[in-house]
Structure formats: structure tokens, C-alpha cells
Amino acid sequence: MSPLDAFAGALDSLRANALRSALTMLGIFIGVAAVIAMVAVGSGARETVLAQIRALGANLIVVVPGNVTVGGVRLGSGARASLTQDDALALEREIDAVEAAAPTSRGQVQVVAGGVNWSSWLLGVTPSFFVARDWEIALGRGLEAEDYDRGAQVVLLGETVARTLFDEIDPIGETIRLRNVPFRVVGVLARKGQTTGGQDQDDVVVAPLRAAQQRVLGVNRANARAVGSITVRVRDGEDTAQAEEQIRALLRQRHRLTAAQEDDFLLRNLADIAATRDASSRTMSWLLAAIATVSLLVGGIGIMNIMLVSVTERTREIGLRLAVGARRRDILMQFLIEAATLSALGGVAGAALGFAAARALTRIAGWPTLVSPEAILLAVGVSAGVGIVFGYYPARRAAALDPIEALRHA
Amino acid sequence: MDAAAPGRALMEVEDLARVYTMGGTALRALDGVGVAIGHGEFVAVMGPSGSGKSTFMNLLGLLDQPTRGRYRLDGEDVAGLGADARATMRNRKLGFVFQSFNLLPRATAVENVALPLVYAGVPRGERRRRAAAVLETLGLGARLDHTPLELSGGQQQRVAIARALVNEPGAILADEPTGALDSRTGLEIMALFQALHARGITLVVVTHDPEIAAFATRVLTFRDGRLVEDRRQVPRNAAAALAARPEAAA
Ligand SMILES: Nc1ncnc2c1ncn2[C@@H]1O[C@H](COP(=O)(O)OP(=O)(O)OP(=O)(O)O)[C@@H](O)[C@H]1O
Ligand SMILES: [Mg+2]
């Protein structure tokens, strides 16, 4: 008997007991669906973090204004303008490990060119920014010293913005309006693509910090030198954690914080974030493995049970097959393939459901998910394997039947 | 079909015994039987219930192994053969017909008939072609894709006979093939067996009905596990008997 014949026969007999087969598959089905969906969420999240790290670089530390406690009342993050351009300058000047410390201000702005209107992010930067981040110029020129010094109203366009506003037209030299303030386009940034989270990194407009703050985003009333964040690049070969401690100490000193006071800023190190995400995703992986094992075990026992029933029901059929020339291994293979088919069908259906669930999570809840073909292949392969392992005992029983007794079976 | 080798028996047993031990007591279901069945014989096996007829047939059919004695099938001593080798021999040299037909209930007539070909390694298309051809010669050409439930008892038994024939075996072994059929349908089956006999196929048919045994060329009678009579006879013609019946219309 060829495996193909055995497979066709397996499908026939599963179809003959369609409801029973479906119920038997349920364990494997649900187990595989859950695992595929959860792996998709897990690897989606991990991929997002990885993409962010790739986009930023692991040796970047982002400093943002933190919690401020005034008279026992805790104000939220960013409640006071606690970071300034002078902080950035000090970091760059006084800490050797810091290669660049780029003060930036950021805000959402309406961008208009010709008749086209587009909402994008405006980044106000200083020359340090292009040291900290490896953003490249695709067209035109970058920002130059005198642009910063004079507060020139010039901008670099992210690729998405350039395409949306100017389409095929060369944007260099054109004028755009940011919140109605005219800026001249001097360059277009090289395309950086989307993060897996769906963020478009090219939907951005970059201008000198001074012009951006004074003309568009507005200057902080309490402190004209305040900025939204400082992006620090640690020199290659320097220890990021150590640099972080130096930055913390210097900022605390500059902000005149007493030992009893908390930091009024937050340091975000992407390597740290990645590490915690990695640790938690490892815990998650173990949890998933446990769920998968339990559900496959339960599913497998269900399959073993139903195959034992099937062997008993079909004792006469087995006797007849033996009488007309089936060898032990033909019977063994027939029932093994039947069990594997049952299990693998459950696995395929489960993988499909898990895939659909992952898509739904992305669409409805906006979670980034990633379903790899390997995960699906693995799920289906493992479930077929479960069928073979748990189908082996019933198949052995079938193959060991005595033809005469089997034929006499009621 | 195996070419009839004159002078050499198709099935030859010597001192064949099958002893069942149950709870310490030995039951001699077959107790020292010796007989040779030649190519092209039509043998009826008779005897009272429990005399060992089925036991004898199961041994002839390589479905069971003797406790003692020798069995040569087509010149080959089958004593030492393992289960798989016996399965292959059954597949190549023997066809079985059972009292209760033993058709697969969900399979069509063609699929049932093709089953031995599956284990002979015949490709799918050819299996169907050959099974359909045999069914047609047995007058079931219009019932190829019917399942057993859609067939009468006589038709089911003819499907089973087609299944026994499809591998072109040298011999057909039938244990009470007419036992589940009415007398007229039983006669039809015997007429079919006589036609197969005329084609040179060796037949061994267990029955306890003397009317049925009358269609054979040789009658073996068993009692208490022993062969007590071995008689050759001129067979009655089943087709003629069928035609002679009052409600005759085939
Ligand atoms: N598997 C078995 N275990 C124990 N005893 C058995 C077994 N099979 C048959 N026997 C015994 O062997 C003896 C012969 O049985 P067998 O089936 O050959 O009789 P038979 O001639 O075919 O009878 P019947 O006409 O009723 O079919 C009987 O006494 C029976 O009880
Ligand atoms: Mg019997």
C-alpha cells in the first residue's frame, strides 16, 4: 500500500466520521491557534523594538524631561521645561564618552505647499543632531552652520513629505508653509522606511532649532533655552551604562538637585529597553511552550482515544484487509497516517485561525504582529508529529490483530 | 491463474493438527488431517458443527498456523513463513469468500473489489479498470459505484467473489458462502462457482448443506477434527437446477 493510498483512505474515513474527527481535532486546533497568535504578538513586539534600535542605534541615550515634585505635588513627565540647550552643550563638552548631545524640539504641524495640505512632524535640530543620528541627505544639501546661526527658515523634507507635497516635482528651492510660516526647502532626507509598528520614519520635516522654535513651535515662556529632548550618542567603544551614570550626575548637578530629590529627567537607553523586552519575551516563550505542550498533549491523548475506538470499530475491516494481503506494516501505516492526518488538519486549521487572530489584533487593537512561515510550518509539522506519536499505540494494536479473530469480530 | 501443473497438488497437507489450549485443557479442533487437493478441483468440505471445517479452511488459507503437520501450497512449504510472507501469498495465490460477505460498508463495489490490488501494489487507475472488468463478467457492470448497503445479499456476495477473483488467484476458499442467502440466491452463487471451476479455478467450499455439496466434484467430510470421508462425485449442474425451478427467471 502506497502512502498516497493510505492518505486517501485516511481522508475517506475521517470524512465518514466528520463530526467526531472535528471534535477530536479541537484540542490540537485550539492549541496551535493560541500558540501561533501569541507567537505572532510576541515576535511583532520584539521586531518593533529591534526596528527602533536599528533606527536609532544601540549607543543612543534619549534624555526627556521627567517627573517634577513641587511642594509635595508630583507633576507629570515633561511638566516643567527642565532640559535646555545648555544642558546639551554641557554634556557634549564635559563628558568624554559623549560624542554628541543633540537638543531637539518636536511638534506636529500642518505643512502646506501649493494646494497640498499635510500634517507632519517638525523637528528642530542643531548640528549635533546629524552627528547623533545617521540621517543622510538624498537631494540638495544639509543644514549648514549659518542656517543655524541666523535662524534661517530652511527645511529638509522627509521622503514621505517630499513625495506628498511635490510628487514628481523637484522640491529644492520651493517654499512650503509650516503653520503658515514660509520655509525654503534645501534638501530631502534619504528614505528610512517604516518601523514594523507602522510608524513612517520619513514623515518628518527638519529645520534649524532656532527657526523651528521661534517661528513655529513656540519658545517656552519660563525658559527660552528649553528643549523637548536631548539625544545623546555615546562614542563607539564606550560603555553605555557608564556614560549614562555620568550624564545623570552632570544633569543632577546642573539642575541643583539635592540627594533627597528625584531626577527631574528620564534617561532612555534603547539597549536597556531591548534587554527587558527580551527578558520578558523569553518568559513569554516559556509560557507559550508550556501552553503548547499541554494543549498538544491533551490533543494527542484525544487522538489516541479516538484512534483506539476506531481500531475497535474497524476490527473486521482490519481482518479483511489482512486476509486479502495487507501486511502488518500496511495496517500500521494506514492508522498512523490517519492519526497524523487528523492531527495535521487540526494543526493547519489552528494555524489559519491563529494567523487570522493575529491579523485581527493588528487591525483592531493596532498591535504589531508577525507570523513567520516557519512558525506555521513548525505548528503543522509538530501537530502531525503528535498524531504519529499518539497514533502509534492504536496503530500497533491494529497491526497486531489476528486475522481470524478480527474477521470473527461482531 | 496458475497453470495447472499435472501430477502436482495445489494444496497438500500431512498430519495437520490445530490444538487450542484453553484453561489447561487442550481442544483438538483439527487432529491429524492429510489430504491433497489438485489444480482445478471443486471441493466441498462438510461435517457437523464444530467438526473443524473452518479451522481446516483457515489453515488452507494461511490465515492460521497449524500446531503440527505440514502444508505445501503450490509446491512451497509454508510452515516457516512469517506473517507478512503469508499475507503476500494470500494476496497472490488465494481468494476468500465469507458467509457474511465482509465488504467495506463505505466503499463502493469497485473499491471493495480493488482492495487486494491495493496490497499487490497495482496503480490506482489500473485497479479500477481491473475491478470493473471482473464485476462486469459477474453481471454487476451496472452496480460499480454502489455501496454494499445499496445491493442485495446475492449481489453483495458476487461483489465479494469478484474481490476474490480480481488478483487472478489459483484457488478460492469459501466458508459457508451461501449461509446468509436464500436457496435461490445460493443456487446462483453455486452456478457462478461452477462457471469459475470450468475456467480452471480451484474451489474449496465449506457447507453443511448436502444440496450445496452436490455441486462439487469432491466431498471431504470432517468429524471431531478428523477427515472421515473423501468422496469424488459427478456434480449436479447448478445452472440447470436453477432453470428447473418453478419461478425460474435469471
Ligand atoms: N479460537 C478458538 N479458540 C478455542 N477454540 C476454538 C477456536 N476456534 C475454534 N475453536 C473450536 O474448534 C472446534 C472446531 O471449530 P470450527 O470453527 O473449525 O468448526 P466448524 O466445523 O467450522 O463449525 P461450524 O459448522 O459451526 O462453523 C470447535 O470445537 C470450536 O469451539
Ligand atoms: Mg465454521
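A. Spatial organisation of the packing of helix α1 (residues 3–16) of chain A against helix α11 (residues 328–365) of chain A. Residues and elements named next belong to chain A. Relative orientation of the contacting elements α1 and α11 amounts to 60 degrees, with a least axis distance of 8 Å. Overall, the two elements α1 and α11 adopt an arrangement that is oblique. Viewed along their axes, α1 and α11 form a crossing whose handedness is right-handed. On α11, the residues that touch P3, A6, F7, A10, L11, S13 and L14 of α1 are M333, Q334, I337, E338, T341, L342 and L345. Tallied by class, the residues present in the contact of α1 with α11 amount to 10 nonpolar, 3 polar and 1 charged.

B. Summary view of the sheet that holds strand β3 (residues 42–46) of chain B. Residue and element names in this part refer to chain B. Taken together, 6 strands build an open sheet; the order of strands is β6-β7-β8-β3-β9-β10 and the sheet is mixed. Each of the sheet's edge strands pairs with one partner strand only, and the pair in question is β6 (94–97) and β10 (226–232). Each strand of the sheet is rotated relative to its neighbour by a mean of 15 degrees, with strand direction disregarded. Summarising the sheet, β3 and strand β8 (residues 202–206) pair through 4 bridges and their orientation is parallel. Within β8, the residue paired with A44 across the bridge is V205. Against the sheet, helix α5 (residues 153–165) touches β6 and β7 (171–175), its axis set at about 170 degrees to β6.

C. Highlighting a nonpolar patch on the surface. Taken together, the side chains of A:L19, A:L23, A:L26 and A:I30 present a nonpolar region at the surface, about 410 Å² in accessible area. Position of A:L26 among the secondary structure elements: in helix α2 (residues 18–56).

D. How the structure looks around the interface of chain A and chain B. In this assembly, 22 residues from chain A lie in contact with 22 residues from chain B. Taken over both partners, the interface formed by chain A and chain B buries close to 2100 Å², and the fraction arising from carbon and sulfur atoms is 57%. The largest per-residue losses of area from chain A upon contact with chain B belong to A:L320, A:V324 and A:I404, which jointly make up 27% of the total buried on that side. Joining chain A to chain B, the criterion identifies 3 salt bridges. A salt bridge links A:D5 to B:R127; the nearest nitrogen and oxygen atoms lie 2.9 Å apart. Applying the counting rule to chain A against chain B returns 9 residue pairs in polar contact (both at pLDDT 80 or more). Of all elements in the fold, only α1, α10 (315–323), α11 and α13 (403–408) of chain A reach the threshold of two or more residues within the side of chain A that touches chain B. For the side of chain A that touches chain B, a count of residues per class yields 11 nonpolar, 3 polar and 8 charged.

E. Broad picture of the pairing of β3(B). All names here are of chain B. The element β3 is largely enclosed, with a buried count of 5 among its 5 residues. Across the two faces of β3 the burial is the same, with F42, A44 and M46 and V43 and V45 all buried. Here β3 pairs with strand β9 (residues 218–223) via 4 bridges, running parallel. From the neighbouring strand, V45 faces β9, where its bridge partner is L220.

F. View of the confidence of the model for chain B. Residues and elements named next belong to chain B. Per-residue pLDDT for chain B has a mean of 92; in total, 96% of the residues score no lower than 70. This model gives residues 1–6 a pLDDT under 50, and the stretch forms 11 contacts once residues within four places in sequence are excluded. Here the predicted complex scores 0.71 on pTM and 0.93 on ipTM.

G. Structural context of the environment of B:D209. Along the polypeptide, B:D209 turns up in the loop between β8 and α7 (210–213). Separated by 30 residues in sequence, B:D209 and B:G179 place their C-alpha atoms 9.0 Å apart.

H. Broad picture of the packing of aromatic side chains. All names here are of chain A. With the rule as written, the count across this model stands at 4 aromatic pairs over all chains. Between F129 and W135 the ring centres are 5.1 Å apart and the planes differ by 85 degrees, which places this aromatic pair in the edge-to-face class. One aromatic cluster is present, formed by F129, F130 and W135 through successive ring pairs. The cationic tip of R106 hangs over the ring face of W121; the distance from NZ or CZ to the ring centre is 4.0 Å. One Lys or Arg, K192, reaches over the ring of W135 and ends 4.1 Å from the middle of that ring.

Basis of the calculations
- Residues numbered from 1 in each chain as written.
- Chains lettered and ligands numbered in written order.
- Predicted model: local features only at pLDDT ≥ 70, side-chain atom pairs only at ≥ 80, totals over all residues.
- Heavy atoms only, no water.
- Axes fitted to C-alpha atoms, helices over the stretch in contact; angles between N-to-C directions.
- Helix = DSSP H or I, 4+ residues; strand = E, 2+ residues; numbered from the N terminus.
- Parallel < 35°, antiparallel > 145°, perpendicular 65-115°, else oblique.
- Left-handed = near helix turned anticlockwise from the far one by under 90°.
- Contact = heavy atoms within 4.5 Å.
- Nonpolar A, V, L, I, M, F, W, Y, C, P; charged D, E, K, R; others polar.
- Pairing = 2+ DSSP bridges.
- Patch = residues over 30% accessible without salt bridge, like charges linked within 9 Å, V, L, I, M, F, W, Y side chains within 5 Å.
- Areas by Shrake-Rupley, 256 points an atom, 1.4 Å probe, with all protein chains shown as cover.
- Salt bridge = Lys/Arg side-chain N within 4 Å of Asp/Glu carboxyl O.
- Buried area = accessible area lost by both parts, 1.4 Å probe.
- Polar contact = N/O pair within 3.5 Å; in protein donor to acceptor, adjacent residues only side chain to side chain.
- Buried < 20%, exposed > 50% of the residue type's maximum accessible area, 1.4 Å probe, protein only.
- pLDDT = per-residue confidence, 0-100.
- Phe/Tyr/Trp six-rings, centres within 6.5 Å; stacked < 30°, edge-to-face > 60°.
- Lys NZ or Arg CZ within 6 Å of the ring centre and 35° of its normal.

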